[in-house]
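# Overview (structure and organization)
Chain by chain, the residues:
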Amino acid sequence: AQSVAQPEDQVNVAEGNPLTVKCTYSVSGNPYLFWYVQYPNRGLQFLLKYITGDNLVKGSYGFEAEFNKSQTSFHLKKPSALVSDSALYFCAVRELYKLSFGAGTTVTVRA
Amino acid sequence: SAVISQKPSRDICQRGTSLTIQCQVDSQVTMMFWYRQQPGQSLTLIATANQGSEATYESGFVIDKFPISRPNLTFSTLTVSNMSPEDSSIYLCSVERGSAGELFFGEGSRLTVL
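Our subject in this report is the structure included herewith. Just so you know, these numbers come straight off a predicted model, no measurement behind them.

### Regarding the layout of surface pockets
Left-over empty space is what a probe sized like a water molecule reveals as it rolls over the atoms. The space that makes up the largest pocket amounts to roughly 330 Å³. For the lining of the largest pocket, the elements supplying multiple residues, two or more each, are strand 9 (89-97) and strand 11 (109-113) of chain B. At 3 residues, the largest contribution of residues to the lining of the largest pocket is made by strand 11 of chain B. Forming the boundary of the second largest pocket are 13 residues, of which Ser100 and Phe101 of chain A together with Leu43, Thr44 and Leu45 of chain B lie nearest the centre. Listed by contribution, the elements that provide at least two residues to the lining of the second largest pocket are strand 11 (98-101) of chain A together with strand 5 (43-50) of chain B. By residue number, the principal contributor to the lining of the second largest pocket is strand 11 of chain A, which donates 4 residues. Among the residues forming the lining of the second largest pocket, the class breakdown is 6 nonpolar, 5 polar and 2 charged.

Dropping the structure here:
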């Protein structure tokens, strides 16, 4: 079974609107959770991580993510999306020595 | 973060041939990871490469098909052997940094097998 799930293949928003990319996880114990972004023809870039502590984690490029233990979720958010945020986003969870990635969500921000 | 250089960035290969991808890191690291990203898919871990020992392969990946070298703490190679069109993918090298073991990735090597 997948350790992380991204229920939406695609998310479309207008520039300036809030952006949310959903992720749920299913690992035991305290999860280490991550978000990555992949721009076209590029490798993955690390956005942010959750280890412990505050449930709201801030990361690069104005992104943040909220850890919710009761809902086993780690949704990525940005208050005001930019056209340049259009990319492929991956949620990941650490399992022992490796990261397991979700299927990815394609975000399109229209001008 | 880490600076990770991969070569080649892309290549077009003929069926039945082999290609070696190089990964160079700007500082010494214990573990290097090789991932595959098939078209429109997520990332799948192929193997973990430790310096001085044989690579550890994930289920579904074997050394004969994906031999890996790790001659020192800043360099690794992945060979894709006897390629078929199904091997057309992006192959990504990554290293672990940070308090939670977050990974940093190279730009990837995009292989197309005809």
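### Remarks on the environment of Leu78 of chain B
All names here are of chain B. You can see Leu78 is positioned in strand 8 (residues 75-80). Judged by relative accessible area, Leu78 falls into the buried class, the value being 0%. Through-space distance from the C-alpha of Leu78 to that of Asp26 is 18 Å; in sequence the pair is 52 residues apart. In this structure Leu78 touches Leu19, Thr20, Ile21, Trp34, Ile46, Phe66, Pro67, Ile68 and Tyr91, once residues within four positions along its chain are discounted.

### As for the pattern of salt bridges
Here the structure, examined in full by the defined rule, presents 9 salt bridges over all chains. Residue Asp85 of chain A pairs with Lys78 of chain A through a salt bridge whose shortest N-O separation is 2.9 Å.

### Some points on the sheet that holds strand 3 (residues 19-25) of chain B
Residue and element names in this part refer to chain B. Taking strand neighbours across the sheet as the criterion, the 4 strands line up as 1-3-8-7 in an open arrangement whose pairing is antiparallel. The open sheet terminates on both sides in strands that have one partner only, identified here as strand 1 (4-7) and strand 7 (68-72). In this sheet, adjacent strand axes meet at a mean angle of 15 degrees when their direction is disregarded. Bridge analysis of strand 1 against strand 3 gives 4 bridges, and the strand direction is antiparallel. By the bridge assignment for strand 3, Ser5 is matched with Gln24.

### Here's the deal with the side chain of Gln38 of chain A
Inspection of the secondary structure puts Gln38 of chain A in strand 5 (residues 33-38). Classification of Gln38 of chain A as buried rests on a relative accessible area of 7%. One polar contact links the side chain of Gln38 of chain A to the main-chain carbonyl oxygen of Arg42 of chain A, over a distance of 3.0 Å. Those residues in contact with Gln38 of chain A, other than ones at most four positions away along the chain, are Gly43, Leu44, Ala87, Leu88 and Phe90 of chain A together with Gln37 of chain B.

### Considerations on the interface of chain A and chain B
In this assembly, 20 residues from chain A lie in contact with 23 residues from chain B. Looking at the side of chain A facing chain B, the largest losses of area belong to Leu44, Tyr97 and Phe101 of chain A, adding up to 29% of the total buried there. Inspection of the region where chain A meets chain B yields 4 salt bridges. A salt bridge links Lys49 of chain A to Glu102 of chain B; the shortest N-O distance between them is 2.7 Å. Where chain A meets chain B, there are 9 residue pairs in polar contact (both at pLDDT 80 or more). Breaking the side of chain A that touches chain B down by element, the ones donating at least two residues are strand 5, strand 6 (44-50), strand 10 (87-95) and strand 11 of chain A. A per-class count over the side of chain A that touches chain B returns 12 nonpolar, 4 polar and 4 charged.

Definitions and cut-offs
- Each chain carries its own residue numbering, running from 1 in the direction its sequence is written.
- The naming scheme follows written order: chains are lettered A onward, ligands numbered 1 onward.
- Given that the model is predicted, a residue must reach a pLDDT of at least 70 before its local features are reported, and side-chain atom pairs must reach 80 or more before they are shown or counted; all residues, however, enter totals for whole chains, interfaces and linings.
- Side-chain numbers here rest on the full set of heavy atoms in the structure, without hydrogens or water.
- The method works on a 1 Å grid over the protein atoms by themselves. A cavity is a set of points holding a 1.4 Å probe that cannot get out, a pocket is an open set with protein on both sides within 12 Å along at least five of seven lines, and residues with an atom within 4 Å of a point line them.
- Grid points are joined across faces, edges and corners, and a volume is the space filled by probe spheres set on the points.
- To qualify as a helix, a DSSP run of H or I must reach at least 4 residues; to qualify as a strand, a run of E must reach at least 2; elements of each kind are numbered from the N terminus.
- Side-chain classes are defined by residue name, with Ala, Val, Leu, Ile, Met, Phe, Trp, Tyr, Cys and Pro counting as nonpolar, Asp, Glu, Lys and Arg as charged, and the others, Gly among them, as polar.
- Relative accessibility under 20% of the residue-type maximum defines a buried residue, over 50% an exposed one, and the middle range a partly exposed one, all with a 1.4 Å probe and only protein chains included.
- Residues count as neighbours in contact if any of their non-hydrogen atoms are within 4.5 Å of one another.
- The term salt bridge refers to a side-chain nitrogen of Lys or Arg lying within 4 Å of a carboxyl oxygen of Asp or Glu.
- Any two strands with at least two DSSP-identified bridges between them are counted as paired.
- Comment: axis = line fitted to C-alpha atoms, over the contacting stretch for helices; angle = value between 0 and 180 degrees taken between N-to-C directions.
- Within 3.5 Å is the distance limit for a polar contact, defined as a pair of N or O atoms, with the added protein rule that one can donate a hydrogen and the other accept it, and that residues adjacent in sequence qualify only through two side-chain atoms.
- A quick way to say it: buried area is the sum, across both parts, of accessible area lost when two parts are put together, with a 1.4 Å probe.

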